[in-house]
Amino acid sequence: MPKVSIIIPVYGVEKYIERCARSLFEQTLDDIEYLFIDDCTPDRSIDILKQVLEEYPHRKCQVVIHRMEQNSGQAKVREWGMRNATGEYVIHCDSDDWVDIHMYEDMYNKAIEDGSSVVVCDFYSTDCEKRHLVRGLTSTNRDDVIADVLLWKIACCLWNKLVQRELYLRSKIEYPINNMGEDGVLVVQILWYANKISYLREALYFYYNNPISITNDITDEKIRRRFIQATANVGIIKQFLVDKSSKKINDALTKYIFEQSYLIVPLAKCNKEDLKKWRASIDNIKSLVYKSPYLSIKNKLVFYLLLFKSKYLK
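Anyway, here's the lowdown on the structure attached to this text. Keep in mind that this is a model prediction, so the values were computed, not measured. (Residues numbered from 1 in each chain as written. Predicted model: local features only at pLDDT ≥ 70, side-chain atom pairs only at ≥ 80, totals over all residues. Heavy atoms only, no water.)

## Quick look at the overall build of the protein
Stated precisely, the cut-off is as follows: Working definition: helices are DSSP H or I runs of at least four residues, strands are E runs of at least two. Numbering for both runs from the N terminus. Based on C-alpha atoms, the radius of gyration is set beside the globule rule, defined as 2.2 Å times the residue count to the power 0.38. Each residue is placed in one exposure class: buried if its accessible area under a 1.4 Å probe, protein chains only, is under 20% of its type's maximum, exposed if it is over 50%, and partly exposed if it falls in between. Each accessible area is a Shrake-Rupley result for a 1.4 Å probe, and residues are judged covered by the shown protein chains and nothing else. Asp and Glu are treated as the negative residues and Lys and Arg as the positive ones, with His and the ends of the chain left uncounted. By convention, the charge on Lys lies at NZ, on Arg at CZ, on Asp at CG and on Glu at CD.
The helix and strand tally for the protein stands at 12 helices and 9 strands. In terms of C-alpha radius of gyration, the protein reaches 21 Å, essentially the compact-globule figure of 20 Å for 314 residues. Overall, the C-alpha framework of the protein stretches about 70 × 40 × 35 Å when taken along its three principal axes. Here the protein holds 314 residues, and 53% of them are scored as buried. With the model as given, the accessible surface of the protein reaches about 15,200 Å², and the carbon-plus-sulfur share is 50%. Charge separation in the protein, taken as the distance between the mean sites of 45 positive and 43 negative side-chain charges, equals 11 Å.

## Considering the packing of aromatic side chains
Cut-off, in case you're wondering: Planes of paired rings set the category: under 30 degrees apart is stacked, over 60 is edge-to-face and the rest tilted, where pairs are Phe, Tyr or Trp rings (Trp by its six-membered ring) whose centres lie within 6.5 Å. When the NZ atom of lysine or the CZ atom of arginine is within 6 Å of a ring's centre and also within 35 degrees of its normal, the charge is said to sit over that ring.
Taken as a whole and assessed by the stated rule, the structure comprises 17 aromatic pairs. When the centroid spacing of 4.9 Å and the interplanar angle of 85° are considered together, the rings of Phe-303 and Tyr-304 count as edge-to-face. Owing to a relative accessible area of 27%, Tyr-304 belongs among the partly exposed residues under this scheme. Linked through ring pairs, Phe-258, Tyr-262, Trp-278, Phe-303 and Tyr-304 together constitute an aromatic cluster. Here the basic side chain of Arg-19 rests over the ring of Tyr-208, its NZ or CZ set 4.9 Å away from the ring centre. Against the face of Trp-192 rests Arg-142, its NZ or CZ located 3.7 Å from the ring centre.

## Some thoughts on the pairing of strand 7 (residues 131-134)
Inclusion rule: Here the rule is simple: two strands pair whenever DSSP picks up at least two bridges between them.
Relative to strand 7, strand 6 (residues 118-126) runs antiparallel, the two being bridged by 4 bridges. Bridging across to strand 7, Phe-123 finds its partner in Val-134. Where strand 6 folds back on strand 7, the antiparallel hairpin that results is connected by 4 residues, among which Cys-128 adopts a positive phi of roughly 80°.

## Thoughts on the pairing of strand 6
Counted residue by residue, strand 6 has 9 buried out of 9 residues, so it is predominantly covered. Bridge count between strand 6 and strand 8 (residues 161-164): 3 bridges; the pairing is antiparallel. In the strand pairing of strand 8, Val-118 is matched with Val-163. In terms of strand pairing, strand 6 meets strand 9 (residues 197-208) through 9 bridges, oriented parallel. Bridge pairing in strand 9 links Phe-123 to Tyr-205.

## Concerning unusual backbone geometry
Phi is mostly negative for residues that are not glycine, and the peptide bonds are mostly trans. You will see that Cys-128, though not glycine, has its phi angle at about 80°, which is positive. Residue placement: Cys-128 occurs in the loop between strand 6 and strand 7.

## Points about the environment of Val-188
Put simply, the test is: Here, residues are in contact when the closest pair of their heavy atoms is within 4.5 Å.
Inspection of the secondary structure puts Val-188 in helix 7 (residues 182-193). Distance from Val-188 to Arg-142, taken between C-alpha atoms, is 9.8 Å for residues 46 residues apart in sequence. Those residues within four positions of Val-188 in sequence are excluded, and the remaining contacts are Ile-146, Val-149, Leu-150, Ile-237, Phe-240 and Leu-241.

## Concerning the pattern of salt bridges
Two side chains that carry opposite charge are able to pair once their charged atoms sit near each other. Worth spelling out the cut-off: Salt bridge criterion: a side-chain nitrogen from Lys or Arg within 4 Å of a carboxyl oxygen from Asp or Glu.
Overall, the coordinates contain 19 salt bridges when judged by the stated rule. Here Arg-22 and Glu-55 are joined by a salt bridge, their closest N and O atoms 2.9 Å apart. Placement of the pair is Arg-22 in helix 1 (residues 17-25) and Glu-55 in the loop between helix 2 (45-53) and strand 3 (63-67), with a sequence separation of 33 residues. Notably, a salt bridge pairs Asp-274 with Lys-277, separated by 3.8 Å at the nearest N-O pair. Of the two residues, Asp-274 and Lys-277 both sit in helix 11 (residues 272-281), 3 residues apart, roughly one turn of that helix.

## With respect to the packing of helix 1 against helix 2
Spelled out, the test is: For helices, the fitted line uses only the C-alpha atoms of the stretch in contact; every axis is such a line through C-alpha atoms, and the angle between N-to-C directions lies from 0 to 180 degrees. A clockwise turn of the near helix away from the far one marks a right-handed crossing, whereas an anticlockwise turn of less than a right angle marks a left-handed crossing. Residues are grouped as follows: Ala, Val, Leu, Ile, Met, Phe, Trp, Tyr, Cys and Pro are nonpolar; Asp, Glu, Lys and Arg are charged; all remaining types, including Gly, are polar.
Following both chains from N to C, one finds helix 1 and helix 2 inclined at 35°, their axes separated by 9 Å at the closest point. Every pair of crossing elements has a handedness; the one defined by helix 1 and helix 2 is right-handed. Residues Ile-17, Glu-18, Ala-21, Arg-22 and Phe-25 of helix 1 form the contact with helix 2, whose own contacting residues are Ser-45, Ile-48, Leu-49, Val-52 and Leu-53. Classifying every residue of the contact of helix 1 with helix 2 by side-chain character gives 7 nonpolar, 1 polar and 2 charged.

Keep in mind these values describe shape, not function.
Listed below in C-alpha cells is the structure:
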C-alpha cells in the first residue's frame, strides 16, 4: 500500500502541467501513488505529462493515467480518483498549481506522529510574481474548524488537506454533483468524521491565481447557474449537519446559507421569478438571520426588506 495517493484532474492545462508534474515527481517521499485523471482534455496536456514522466523512470510504476469516458467535471473526476486510490492517505492537487518537494513527506510524517486522520498545511496564493501566505487553520478543534470553513475564515480547498483513506471508506461521504464549491461539501464531511485534525504550519502548496482567468463578464444566466449549484451544495451540507451541530456551527451555517442565496440577489431585486427562487432558498433561516452574530446590520436590513417584498408576489 502506498503511503500517499495524489489525485490530479487534468483538463486544459498544457501551459502548466509540466511545472505541476515535475514538482510531484521530485517529491522526497518515495512511496507515492499518482492518479492523473484526463477529463477528455482538448489540448496536449496528457502528451506533455507523458514526456515529463520519461525523465523520471523511477516514478513510472507509481503513475496511473486514466481517461474519463466523457468530460465529467472536477467533482466526478475527484470521485473517480477517491474510489480508485490505494494509498494509506489521500490528497488532491490541481494541475495548474505546484507543490514544495517536501510537502507529502512532511504531511505524512505529521499524520503518523500525531495519529491524525487529517493534516492541514498553509499555502501560497501566487500569480508567479507576488505571493500571499494563507494560513490553513486557526484552530484544530473540530467544531471551530467546520465553523471557520462555513464562514470562509479558512480555505475549504482539498489540496492542502491530507486525509486518511480509511476515513472515506468507513464514513458515509456524499459526493456533490456540481463543479462549483464542491470542495466545501467534502471538507465539512471530512472534518466531521476526523478522529484528530493536525496543523502543519508551513506553506507547502502553491495555488496559481491566474490573472488571465479573471473576468467581469458575468451574465444573468451564469449567475443563475452558480446559484443553482450553490443551493444544491447547501442542501447536502444542511442535511449532513442536521442534529449534529453545535450552536457555533449552526450560526456559521446560517451565514453560509445567507451568502450562497445572496448570489441571486442582484437579479432578485428586479425579477419576480428570481425573487421566488431566492425566497425558496432561505426559507429555513428566515427566523435566524436577525440574531446571527456573523451578519452585519446592513446584511439583515437587505434580507428582511427583500423578504417583505417577496410576500407580495403573485
